[in-house]
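Residue-level listing of the chains:
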Amino acid sequence: MPDGYSSNLVRYANVDKRTMHGMNSHNCHVFMECLLPITFSSLLPHVLNALIEISYFFKDLCSTTLMEDDLSRMKQNITFILCKLERIFPPGFLYSTEHLPIHLAYEARLGGPVQYRWMYPFERYYNDHCILFKIHLFNAHQ
């Protein structure tokens, strides 16, 4: 990935517990869009294909240009992708947020490309200021 595109995702991985924790929404999105197909490439083909399809859905949704036909196709395909994921993962794994992607293609059709509407720049600004505040506070108490 380009330098500065995402933070160092290794910081959020706990190899012993096999978890990732503490990522902001942009880093989660980078993981979903770019790294998910690579990370799980050793899974069974039907599981891997469903994960790749959801990854491509988010990648297409976040492209800088959106075509009307592509958004219609994405709106139709996301229901099938979510059904595939529901057959693979237990019910508790996909809770209420699984319903959200169904609306994203329609939202993109109304509002245009998502980079002008999502909160990543503001989230990064907030995180950077929180880190600077913590450093300042830590140095003030020494």
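Procedures and definitions
- Residues numbered from 1 in each chain as written.
- Predicted model: local features only at pLDDT ≥ 70, side-chain atom pairs only at ≥ 80, totals over all residues.
- Heavy atoms only, no water.
- Core = buried A, V, L, I, M, F, W, Y, C linked by side-chain atoms within 4.5 Å.
- Buried < 20%, exposed > 50% of the residue type's maximum accessible area, 1.4 Å probe, protein only.
- Helix = DSSP H or I, 4+ residues; strand = E, 2+ residues; numbered from the N terminus.
- Contact = heavy atoms within 4.5 Å.
- Phe/Tyr/Trp six-rings, centres within 6.5 Å; stacked < 30°, edge-to-face > 60°.
- Axes fitted to C-alpha atoms, helices over the stretch in contact; angles between N-to-C directions.
- Parallel < 35°, antiparallel > 145°, perpendicular 65-115°, else oblique.
- Left-handed = near helix turned anticlockwise from the far one by under 90°.
- Expected span 1.5 Å × (residues − 1).
- Bend = angle between axes of the 7 residues up to and from the residue.

Colleague: Hey, could you run me through the nonpolar core in this one?
Modeller: Soluble, globular proteins show a tendency: their nonpolar side chains are buried together. The biggest cluster of nonpolar side chains holds 20 residues, and the ones touching the most others in it are Ile 54, Phe 57, Phe 58, Leu 61, Met 74, Ile 78 and Leu 85. At the level of secondary structure, the elements contributing two or more residues to this core comprise helix 1 (25-39), helix 2 (45-61), helix 3 (68-88) and helix 4 (101-111). Of the residues forming this core, the biggest block, seven residues, is contributed by helix 2. With sequence-adjacent residues up to four places away left out, Ile 54 is seen in contact with Met 32, Leu 36, Ile 78, Ile 81, Leu 82 and Leu 85.

Colleague: It is not clear to me how the packing of aromatic side chains should be interpreted in this structure. Could you clarify?
Modeller: Aromatic rings considered in pairs are described by the distance between their centres and by the relative angle of their planes. Scanning the entire structure with this criterion turns up one aromatic pair. Geometrically, the ring pair formed by Phe 57 and Phe 58 is edge-to-face, given 5.4 Å between the ring centres and 75 degrees between the ring planes. Taken as a pair, Phe 57 and Phe 58 share a single burial class, namely buried.

Colleague: Which parts of the structure should I look at to understand the packing of helix 2 against helix 4?
Modeller: Describing two packed helices takes the angle between their axes plus the distance from one axis to the other. Close contact between helix 2 and helix 4 brings their axes to 11 Å; oriented N to C, the two are set at 20 degrees. By the angle between their directions, the pair helix 2 and helix 4 is classed as roughly parallel. Viewed along their axes, helix 2 and helix 4 form a crossing whose handedness is left-handed. Residues Phe 57, Phe 58 and Leu 61 of helix 2 pack against Pro 101, Leu 104, Ala 105 and Ala 108 of helix 4.

Colleague: Help me understand helix 3 in this model?
Modeller: An α-helical turn contains 3.6 residues, so any two residues separated by three or four positions project in the same direction. Here helix 3 contains 21 residues, and its C-alpha end-to-end distance of 31 Å stays within 8% of the 30 Å for a straight helix at 1.5 Å per residue. The largest bend along helix 3 reaches roughly 25 degrees and is located at Asn 77. Buried within helix 3 we find Leu 71, Met 74, Ile 78, Ile 81, Leu 82 and Leu 85. Where helix 3 is buried, its residues touch helix 2 and helix 4.

Colleague: I'm lost on unusual backbone geometry in this one. Help?
Modeller: Leaving glycine out, the prevailing phi sign among residues is negative, and the prevailing peptide bond configuration is trans. Even without being a glycine, Arg 18 presents a positive backbone phi close to 55 degrees. Examined against the element boundaries, Arg 18 turns out to sit in the loop between strand 1 (13-14) and strand 2 (19-20).

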